[in-house]
Every structure is written in structure tokens, then in C-alpha cells.
Amino acid sequence: MTLLENRSAAIPAPREITTKPRLSDQIFRAIVTVGGMSSLVILGLIALFLSIKGFNVLKVEQLSFITESKWEVLQDAEGKIAESTFGLAAMLVGTFLAAFIAIIVGVPIAVLSALYLTFYARGSVKKFLVSLIDLMAAFPSLLFGFWGFIVLMGSAEYWAKLLNKYLGFIPIFDVPAPIFERSPFIAGLVLAIMIIPIVTAISREIFDQTPLDRIQAAYALGASKLSMIRAVVIPYGRGGVVGGAMLGLGRAMGETVAVYTVLNVVYQINWQVLFGAGGNVASLILLKFGEAGPDEVDALMAAGLVLFLLTLVVNAISDILINTFGKKGR
Amino acid sequence: MQATTPSSLASVANNREQRVPGTNLLGTGLETRGVHAWFGKKHVLSDVSLDFAAGTVTALIGPSGCGKSTYLRTLNRMHEFIPTAALAGEVLLDGQDIYAAGTDVTKIRLKVGMVFQKPNPFPSMTIGENVLSGLKLAQLKKSNTDELLESCLVRAGLWSEVKDRLSEHGGALSGGQQQRLCIARSLAVEPQVLLMDEPCSALDPGSTFRIEETISELAKSMTIVIVTHNMQQAARVSDYTAFFLSDGGPGVMVETAPTSKIFSSPTDKRTEDYVTGRFG
Amino acid sequence: MTQTTIPSPQTPWATSFQQRLNTAGLIALGAVLAGVAVKTTGLSGKLGFAVSFFFIASLLIFIQQLRLRDMAAAKDSLLSSFASLAIVLTLIPIISIVSTVVIRGYQGIHFGMFANDMTMASVNDPVTAGGLLHALVGTIIMVGVALLISFPIGLLTALYLTEIRGKLARPIKFLVQAMSGVPSIVAGLFILSILVIPVTQELTGLMGSLALSILMIPTIARTAEEMLLLIPNDLREAGVALGATQWRTVSGVVVPAARSGLVTAVILGIARIIGETAPILLVSGGADALNFNPASGPMGSLPFYIWKAFLTGGTEEAYARAWGGMLILLILIISLFSLARYLSGRKVA
């Protein structure tokens, strides 16, 4: 402290340069700042109101809301609600299961596609493919769901039977009964197809930013495309690609309509991905909402809150990864 | 920069030991025959024929945009890295056209190494890994990588500075050290020819001096072609100098001669104007 | 200087016709061998053929590269084989989806559908009965109202990030990103919890618009931010240097310069929400009759029309009706997307 004080005697403190903005600018800045805060306000309100509505159910169920897997509303003879139990675990398992299948199938295809677009496709072919894949990212989930149900289901059922036939000794590929339609496997495939354009677009953007001088250095040392990509592009893009995959994961976990359409939503924990039963949190909300009484609506709000927080965390991690690794490299 | 007169540059050039082609058994070196280069429709380089005798240092000088860097990049086929690039003519390495059909471009780049303007070590690799990265990239098998690592760093004049920190990342070095690391990296694949594209333009005078020392050392065992904006550097390090110029059209090679002659008695008026600092 | 004849530019490094022919030959040979494999071994069907075709063709090219060049080149060829496979696997669903919609939707389209609603027809009636006028009107109204809400908020957020650049810029950017990841069903639940259940107790088009706004704001904010960042800083400095206030500079120089970019942001925002189904199902009611008033009564929409025909029908006619609606929706999305591409492509190289 003394040192600092001594110094301040010798060296003048920097002058503070202040400009008082004119009134019109003060108003302008105030309005823009308020508008800029809207995302904060909206996200805060979502968390707040879903908590308020879900509070009663969460208070009763406490932690068993996410650990138990029983979702029941029992009515007595007069049709009044006698007893209700709400546990989301089965649907949480289903959410993760379908989303992980989507990641495992979709991400390798997306990353290799991005490599193709960045380092193999050229000129107008590249432009066309990039536009086409970006367009696919804008397709509504309803379309993916119906296409999955009408077109993909038949082939996917056949693939599921093959998997079961040759890999059935692995527990998750076993089935309790030979029902291969509308399984988590098929929902996962539809979700994979939905996230491929998203993950491809992000990976491609990151690969495109790979510093040219490093790529040149590798080629000047006699590298082939493969060894250049391994030595330069992958170390540079790895974090961003993981971030892109997380973004895809968040999208897959929150998907409603497509999963509802292709999956046989049954309230049970089902680890056997080829068996036609399962669900996810979002599709449960859609399924139950129509005939839900006030009590169950509250429970669905609580389920919405859990889903909201889950996707928020996944998106936060993805955003951090993309921003940290997308800009600096290494 | 201090004022340069032809005579002072010529004396610099005369003071250094002159290497004479043919006295060194390093193969027949590199020759180009009528090289033209284009980017899209733009003709950027016209009809350059030059010989780089084995074991000599040749400097390519000339004002910006005269095509000297483009020419340098045709010598190890980095020219085609730019999508719209095109070319005509022949580049002969040991008598073989490196652009002949069926030539493996990666093999050419192993024989003709390159050092870039900006130091570009691989940031994800350590210093040691950087030096040996060429082996991994070109998938060459070498025993005794420790010896190779040491000899490359010694030849690049960096060994004493980094021998205790080989497992640190390349980015921790100073700019000049990074550039010498890049030179060491090029040496690890044992090229016959080393191309240098303004290797000192991003460096301070001290680092520049160290790099020039390194170049003189390396010239004992390989052929070096260096593009430089700095005429004093050309005078200090090169045996031969080629002057490039563009009058708005494609760049041409105006004159080539032993360095001392270029700086003392150039045949072409434009060369004289340039080396005396009347333009450029 | 004597004018020598200039040789013609050449690209000796380009893949020659002969090389292309060789590769094509190997791929064809791979197809033939895969056909033989399907006929003679246990592999069967399209999947068996596709898998064996890919592996045989990759192996043939691998061996060719190994013989002509070396191991490094052979491994390199494997990467190109797998990357090509990946892009094909990415394209197959796109092609399949678009062709399915076009082929099936074509049968569900007739001119009368733009003049009628579904009050007098059931989804199982022949497609010539009834129509999707109410759905089209509902979608236009809901998206329009959502746009009126989202555009100002999205633009202000973008201006905060690019012009004010306050201390909170980084967190706000993060929150906008997080908001774009909010599942659409959560947006619907939120409007239910904050407005429908405690206040209005009525499902209306306006509630649908509000839910859609939550999904639209981040898209508009992020695209608008990107577009505003493309405006060179000189323009801003020039404005301020002339003594203009920041307000005048932004409203008079920056925003007009980014006009086509902002239009792109709006178009992408519309494309993002026009097919959203889950929140619409929760909060807008869904009607079969024409309703022009977003503030009262349930409102139809294209996604609801498709959803209802698909899930409640079960007959061929209902499916045809659903695919017809899907075709209209897809045409809207592709047109919007192409327009956005055209506008932003004009501005940015």
C-alpha cells in the first residue's frame, strides 16, 4: 500500500474522460438496454412461472419426482381424484436414451459430412450442398416425424430385427416380445436425422476457420489430406465440434412432435432400445395434456421445468465449448 | 533503414564466401523452364527460366506484387493450393519434371521444403513434436528420432536454447525462435531444397541475424531459394540474385547474376534503379 | 521486349480424366461384386447391397492407391471414402423427405382447398371436400402477430449487442443462445402457466403468437446481430464524427445500411416458427372454422391442420390431406429460405 501511495505522488492519476450523452442518446440507450435484457427476463419468467405452477407437485413428490417412475392418477367411483403419484424417471430415461442414440448415430455422420464440405467439395457443388443442408435444418419437426413414421419405419424395423438377431445377446439389443415398431431406436434415428444438419453446419463453420498457415505448413511438409486433418484440423476444431454435438443433444432432448409421432409412448422404463415402447418428457407432456385435471397439469408444468433446466444446462455447456474453442483454436 | 548504395551492397556481397556451382555433390539442383502462373484469368507470372545449382543460395528480389512469391510456390507445388491457380512450363528437380503426370505431390514437398513468412508452428504440439511432425505427417518411419531431433535443432541454431524445454508448447517461444523451429521442422524430412518466403519479415533485427547465420550454415548441405524484400539481406546471404518486376502486367524475371554483380554492375537499367533505391 | 507466345494455362495437379475413369471403374466393379455377394451369400436386400458395395468399393480404391502410391495415400483414400459416404447418408433423408412430400402431397392438393375451411367436411372425406383456408389464415395471423412482437425485441437485443456493447453483452449473448435452445413445448407450457390458466382461461391465436414469439426472438436477434456486425465501423465513426448523436447514427445510418440483412433475419425467424406444432397444440386451441380474430376463440393453423388429419383420420383420404398440407408448408419454408439466401447472398460475398 505504501508503495502505491508513494507512487501516486509522483505520477498523476489518469484523468477521467467523461462525456455526458445528450438526452436523446440517454433515452435511446435506455430503450435498447431494456430491450436487450428481454432474453434474461423471458428466461427468468419461464423458470419462475413453471416453478410456481409445479410447486405443489414438487413439494409433495420432492426428489422422487425425478427418481420414481410411476405416473398415476387414481379416481374414485364419483370420478374425483383419490390419489395421484407423479414420478418422471421413466420419461427421463427415455429422453436420454433417444437423445444418445441420436448423438451416436448422427454426430459421426455430421462431422464427416462437414469434413467433406470443407476439404473435398468445391465451388458450386459446395455452395449447393451447404444450402441444402441448411435448408434441412429449417424443416419442421412435424415433417421429420411423419416422414419417419411413413417412410423410415419400415426400413428401420428391418434394421432393428437384424441388430436383434446378431447382437441380441447384448442386453440393450434384446427384446421382451418381438415388437420392433415405434421403438426408441427408431425415435433415435429420426432425431439423428434432425440433428445432422445442425451439427454439420456448426462443425463446418469451425473447420472453415482453421488457420490457413497451419494447413499450408502441414501440406508443405508432405502431408496427405488425412494426416493434415489429424494434425491440424482436429486439434483446432475438437472443442467446437463437441459443443456442436451438445447443441444437437439439447435439441434432441427437447423434441416433442417427432418423438410423439414415431414412438409408442408408454409409461415405463425401457432400456431395450429395439422394443416398441418408451417416451420422452416432451412427448409425455403432449400426450397427457389433453385429458389432464388441474393436479396433473401442475405435474406437467413441473415436468416442463425439469426439461427446461436440463436443456439449459446442456446448451450452456455447448455454448461455452463453441465460444472457447471456436475462436482461439488449440 | 540505412541508405543503401550499390557499392556498399556490392562490398557486402563480395565479402562473403562465394559458393560455386558444381563444387558440391548435392545432385543437379532445381531448374525451371518457361514458368507462367495464373490466378483465375489473371496472368501473374510470365516465362521465368532459372537454374538453382545444388548447394547455392539464390535470392529473389523485387517490389511487392512482382510475382516472386508466386514463383517460389510453384517450386514445391504449393501454388496449386489456391483453387483458381493454373500454370505452364516445367520445374525440374534432378532432371525430373515435378508437374509430370503421375508425380506424387507429397513426395515433391518432402524433397523441396518450405519456410513461410509468418512463423507457424503447430500449437497443439510440443517443441519436440513440432520438429518431428513432418515424419508423422508424411508417415515416414525413422529410427533414432532423438538424434534426428537434436541434429535438426542444432542445424537450425536452436538446440542450445530449447534443449531443456522440448516438451513445452511451440507457442511459448519468441517469434525468432518459432521461425527457427519451423526451419528445424522442415529439416527433419531431409529436403534437398529449402524455399524461404520472406522468413525474416515478421522478425526483429536480432532474430533476423540469427536466421541469416542459420541460412549460411544450411547452404553447406542444401540448395536454398529465399524471397526477400531486404536487399541487404540478399547481399549478405545469397550467391545469386534474381530480380523480378511487374509493369502492371504479369511479373517477369528481369535479370539474374551472381549477387555481387547484381549490386555492382547490373546489366538492366531497371535492376540498377531498383537496387539503388530509386523505386520499389 | 519481344512478344513471345504465351502458353495456355494448365492445371497438371487436377484429377485427370483417366484417373476419374479408373475410380469410376473401381466403383462400378465394387457394385458388381456387391451384387454377386448379395446373390451368393447370406447378405440380402438393399441394406446388404449398400453395405457390401461401400466396403468393397473402398477396399478396391485402397488397394489401387497402395499399388500406385503408398500406404499414406491408401489411408488418405479411406478418409475420402468415409466422408463421401457421410455426405450421401446426409443427403438421402433430404431427398427422401422432399420427394415424399411432393409425391404424396400432390394427391392432396386441389384448388378448392384455398377457398374452404373444414367446418363442412371431415378429415376422412375425399380431399376435394373442405380445405385449408382457415389454417392458412390462422398461420398468417399468428406468425404476423408473433413477428410484430418479436422483431422489435430481437432488433433491440441485437442493437444492444452491437451498438451499446455494455458490460452485459457477453451474458446476454449467452442467454439469447440459451433461449434458442428452449424446447418448443416448454414455450407452450410457459404461456399456459403465465397467461392462459391464471388470466384469460381461453385458448386463442394470440396465445399461440406469444408462444411462437419465444422461439422467434432468439433467431431474429442472432441473425440481426450477425448482419449488424457486417456494417463497417467506419460508418458508425463517420456518423459520430459529424456530430450526430448515437441515436441518429444508428437510426439514420446503421439500421438502414443493414436493411436487407434485417429482412433476412425476419424471414429466417418466420421460417423457424411457421411449422412449429407443439406449442400451437397446447395454447391456440385449433379450429376447423375460419377465425380472423386472434384475441378470441380457437384458431386453426397449418401444423394443426396437418396434425389433425394425420392423427385422427387413419384413412387414405386423411393421409392425402395431411401430405397436401405438408406440401403447402414445405413450399412456404423453401420459398422463405431461398428468399433469405438471395437477400443475404446479395449483400455478403
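This is a predicted model, so every value here is computed, not measured. Once a new chain begins, its residue numbering starts again from 1 and follows that chain's sequence as written. The lettering of chains begins at A and the numbering of ligands begins at 1, in the order of writing. Predicted model: local features are reported for residues with pLDDT of at least 70 only, side-chain atom pairs are reported and counted for 80 or more only, and whole-chain, interface and lining totals are derived from all residues.

## Some remarks on the overall build of chain A
Moving on, step 1. Each helix is a run of H or I in the DSSP string that is no shorter than four residues. Each strand is a run of E no shorter than two, and both are numbered from the N terminus. Of regular secondary structure, chain A possesses 13 helices and two strands.
Moving on, step 2. For a compact globule the rule gives 2.2 Å times the number of residues to the power 0.38, and the radius of gyration it is set against comes from C-alpha atoms. Scaling as 2.2 N^0.38, a compact globule of 330 residues should have a C-alpha radius of gyration of about 20 Å, whereas chain A reaches 26 Å, well beyond that.
Moving on, step 3. Projected onto the principal axes, the alpha-carbon positions of chain A cover approximately 90 × 60 × 45 Å.
Moving on, step 4. Looking at the 330 residues of chain A, the share that counts as buried comes to 52%.
Moving on, step 5. For every residue pair, C-beta atoms are placed from the backbone, and the pair is scored as a contact if these atoms sit within 7 Å. Partitioning the intrachain contacts of chain A with sequence separation of at least 6 by distance along the chain shows that 77% fall at a separation of at least 24. The exposure label follows from counting other C-beta atoms within 10 Å of a residue's C-beta, where the C-beta atoms are placed from the backbone and the thresholds are 20 or more for buried and 12 or fewer for exposed, leaving partly exposed in between.

## Section: the domain arrangement of chain A
Often, the extent of an interface is quoted as the loss of accessible area upon association of its parts.
Residue and element names in this part refer to chain A.
Moving on, step 1. Under the domain assignment used here, chain A contains domain 1 (19–86) and domain 2 (89–328).
Moving on, step 2. Opposite the 19 residues of domain 1 that make contact, domain 2 presents 16 residues.
Moving on, step 3. Looking at the side of domain 1 that touches domain 2, the elements that each hand over two or more residues are α3 (38–61), α4 (64–67), β1 (71–75) and β2 (81–86).
Moving on, step 4. Broken down by element, the side of domain 1 that touches domain 2 gets its largest block of residues, nine residues, from α3.
Moving on, step 5. Polarity classes work like this: nonpolar for Ala, Val, Leu, Ile, Met, Phe, Trp, Tyr, Cys and Pro, charged for Asp, Glu, Lys and Arg, and polar for all others, with Gly in that last group. Per-class residue counts for the side of domain 1 that touches domain 2 are eleven nonpolar, six polar and two charged. What marks off one domain from the next here is an automatic or database domain assignment.

## Notes on the interface of chain A and chain C
Moving on, step 1. In this assembly, 67 residues from chain A lie in contact with 68 residues from chain C.
Moving on, step 2. Per element, the largest residue contribution to the side of chain A that touches chain C is ten residues, and it comes from α3(A).
Moving on, step 3. When the residues that make up the side of chain A that touches chain C are grouped by side-chain class, the tally is 43 nonpolar, 18 polar and six charged.

## Examining the interface of chain A and chain B
Moving on, step 1. Between chain A and chain B, the contact holds 19 residues from the first and 23 residues from the second.
Moving on, step 2. Among the secondary structure elements, those contributing two or more residues to the side of chain A that touches chain B are α9 (212–220) and α10 (225–254) of chain A.
Moving on, step 3. The greatest single-element share of the side of chain A that touches chain B, amounting to seven residues, is contributed by α9(A).
Moving on, step 4. Class assignment for the residues of the side of chain A that touches chain B results in ten nonpolar, five polar and four charged.

## Quick look at the domain arrangement of chain C
Residues and elements named next belong to chain C.
Moving on, step 1. Each assigned domain of chain C is listed with its residue range as follows: domain 1 (19–106) and domain 2 (133–347).
Moving on, step 2. Using only C-alpha atoms to locate each centre, domain 1 and domain 2 end up separated by 41 Å.
Moving on, step 3. If you look at the interface, domain 1 gives five residues, while domain 2 gives five residues.
Moving on, step 4. Looking at the side of domain 1 that touches domain 2, its residues break down into three nonpolar, one polar and one charged.

## Description of the environment of A:K53
Moving on, step 1. Positionally, A:K53 belongs in helix α3.
Moving on, step 2. Once the C-alpha coordinates of A:K53 and A:M301 are considered, the two residues, 248 residues apart in sequence, prove to be 6.2 Å apart.
Moving on, step 3. Ignoring any residue separated from it by four or fewer positions in sequence, one finds A:K53 in contact with A:D298, A:M301 and C:S193.

## A look at the sheet that holds strand β8 (residues 223–227) of chain B
All names here are of chain B.
Moving on, step 1. Strand order in the open sheet formed by six strands is β6-β7-β8-β3-β9-β10, with mixed pairing between adjacent strands. Strands at the two margins of the open sheet, each flanked by one partner only, are β6 (112–115) and β10 (252–258). With strand direction ignored, the average angle separating the axes of adjacent strands in the sheet is 20 degrees.
Moving on, step 2. Where helix α7 (residues 175–187) meets the sheet, its contacts fall on β6 and β7 (193–197), and the angle it forms with β6 comes to roughly 170 degrees. Strand pairing follows a simple DSSP-based rule, namely that at least 2 bridges must link the two strands. Fitted lines through C-alpha atoms give the axes, limited to the stretch in contact for helices. The angle between two N-to-C directions lies from 0 to 180 degrees.

## Focus on unusual backbone geometry
Moving on, step 1. Positioned with a positive phi, B:E198 is a non-glycine residue whose angle comes to about 45 degrees.
Moving on, step 2. A positive phi angle, near 50 degrees, is found at C:Q201, a position not held by glycine.
Moving on, step 3. According to the C-beta neighbour criterion, C:Q201 is exposed, with 8 such atoms within 10 Å.

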